[in-house]
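Working through the structure, step by step
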Amino acid sequence: MSTGPLAPGSVIGILGGGQLGRMLAMAGAKLGFDIHIFDADPDCPAARVAARSWAAPWSDDGAVEAFAARCDAITYEFENIPVHTVSVAAAASCLRPGARSLELTQDRITEKRFINSVGVATVPFAPVDGLADLPAAIALTGLPALLKTRRFGYDGKGQAWIRTPDDAAGAWETIGEQPAILEGAAGFVRELSVVAARSIDGSVKAWPLAENIHQDGILRQSTAPAPGVDAALQARALEIATALGDGMDHVGVFAVELFDLGGGRLLVNEIAPRVHNTGHWTMDACGCDQFEQHIRAVAGWPLGDPTPHSAAVMTNLIGHDVDDWKALASDPQVRLHLYGKRKARKGRKMGHVNRLAPLRG
Ligand code: AMP
């Protein structure tokens, strides 16, 4: 169990071995740490760049304990890890961020109540546990409204729009008749995100806001710094991130997805208690990128300087986009990042590219 900052050569464990774990592992190696990956798949993207990997399911308490006992600190790259697994790991090592960040963000109702409790605005919402709850929920949110599963939603999955009261039964069926949240429609002009880091001493540093475009519910492109953001909006984003980071007592990087309503008004859509796809632009455009920053926070090191030296457009390579790797590799404007996934599938994130430009203003 660590007390002071972890010295290089210490072992940092990562629960989850996808592309976020892989990029964290590479950043950790750069700072001299040995990175151990825990994932059910021994051939996962992160395991292939790590010092050691532990292949076992989340439910294998013995394996989680053995892994945790070997680590000086543990972090996670994925928010849907069972809270039980995380508490087993936390009992044997130093878990950063803590289980509270997961508990507050795994369930959309708990998450929105938490966001409102620290004085930050969201769309109106209501819990829906059965079809019979929908009329009262609609009365609260108005129409149109979006029905989402409370848990395990990602990349727009488990969601259905209700535009007229007649859509209610169909929407309930579409989301699989699971515990849900009904959200009022955010009349946003664009989607933004702020990626920030909080250190063990509670200081918070954020990168400039990114503007994000989704296609079929999956992030396609982030432009950062987001165009047309004045100092007041960036300051408001930092204020929101600080309130949420402090409220979670978070240590590490986290992302806040925002709806920009125009006129300086922001609503929080959701929080990711981890490094985030909308922060990938920082890898090539900033002094300290989100992956190094997360490792620094987990290790109890001072946070690095997030200031960008360039503007960037990050484009995800989804499914067979990755087949263009030769053309991308020969384009001098492109910084190519590939995740080492063995097979391209529709909707699967295979890599991303960053295209840099001089900073405006
Ligand atoms: P989420 O899974 O909550 O990130 O939602 C996926 C996408 O659906 C968001 O990026 C928005 O484009 C859209 N969306 C989610 N919630 C709302 C809402 N309450 N109003 C309007 N659009 C939404």
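Residues numbered from 1 in each chain as written. Predicted model: local features only at pLDDT ≥ 70, side-chain atom pairs only at ≥ 80, totals over all residues. Heavy atoms only, no water.

**A closer look at the environment of Pro306**
Filter applied, for reference: Helix and strand labels come from DSSP, where a helix needs a run of H or I of at least four residues and a strand needs a run of E of at least two; each type is numbered from the N terminus. Summary of the burial criterion: residues with accessible area below 20% of their type's maximum are buried, those above 50% are exposed, and those between are partly exposed, where the area comes from a 1.4 Å probe applied to protein chains only. Contacts are assigned to residue pairs that have any heavy atoms within 4.5 Å of one another.
Tracing the backbone shows Pro306 in the loop between α10 (290-298) and β15 (311-318). For Pro306, a relative accessible area of 9% corresponds to the buried category. Along the backbone, Pro306 and Ala180 are 126 residues apart, and their C-alpha atoms lie at a distance of 37 Å. Once residues lying within four places of it in the same chain are set aside, the contact partners of Pro306 are Lys205, Ala206, Trp207, Cys286 and Cys288.

**Here's the deal with the pairing of strand β13 (residues 252-262)**
Under the convention used in this document: We call two strands paired when DSSP finds no fewer than two bridges between them.
Within β13, eleven of the eleven residues are buried, which leaves the element mostly enclosed by the surrounding structure. Here β13 pairs with strand β14 (residues 265-272) via seven bridges, running antiparallel. Bridge pairing in β14 links Phe259 to Leu267.

**So, unusual backbone geometry**
The amide bond that connects Arg96 to the next residue, Pro97, takes the cis arrangement and shows omega of -5°. The amide bond that connects Ala224 to the next residue, Pro225, takes the cis arrangement and shows omega of -10°. For Pro225, the location among the structural elements is in the loop between β12 (218-224) and α8 (231-248). One non-glycine residue, Glu177, lies in the positive phi region at around 50°. Structurally, the position occupied by Glu177 is in the loop between α7 (168-174) and β8 (180-184). Its identity as a non-glycine residue notwithstanding, Asp216 has a phi of 50°, on the positive side. Assignment of secondary structure puts Asp216 in the loop between β11 (210-215) and β12. With a relative accessible area of 79%, Asp216 lands in the exposed category.

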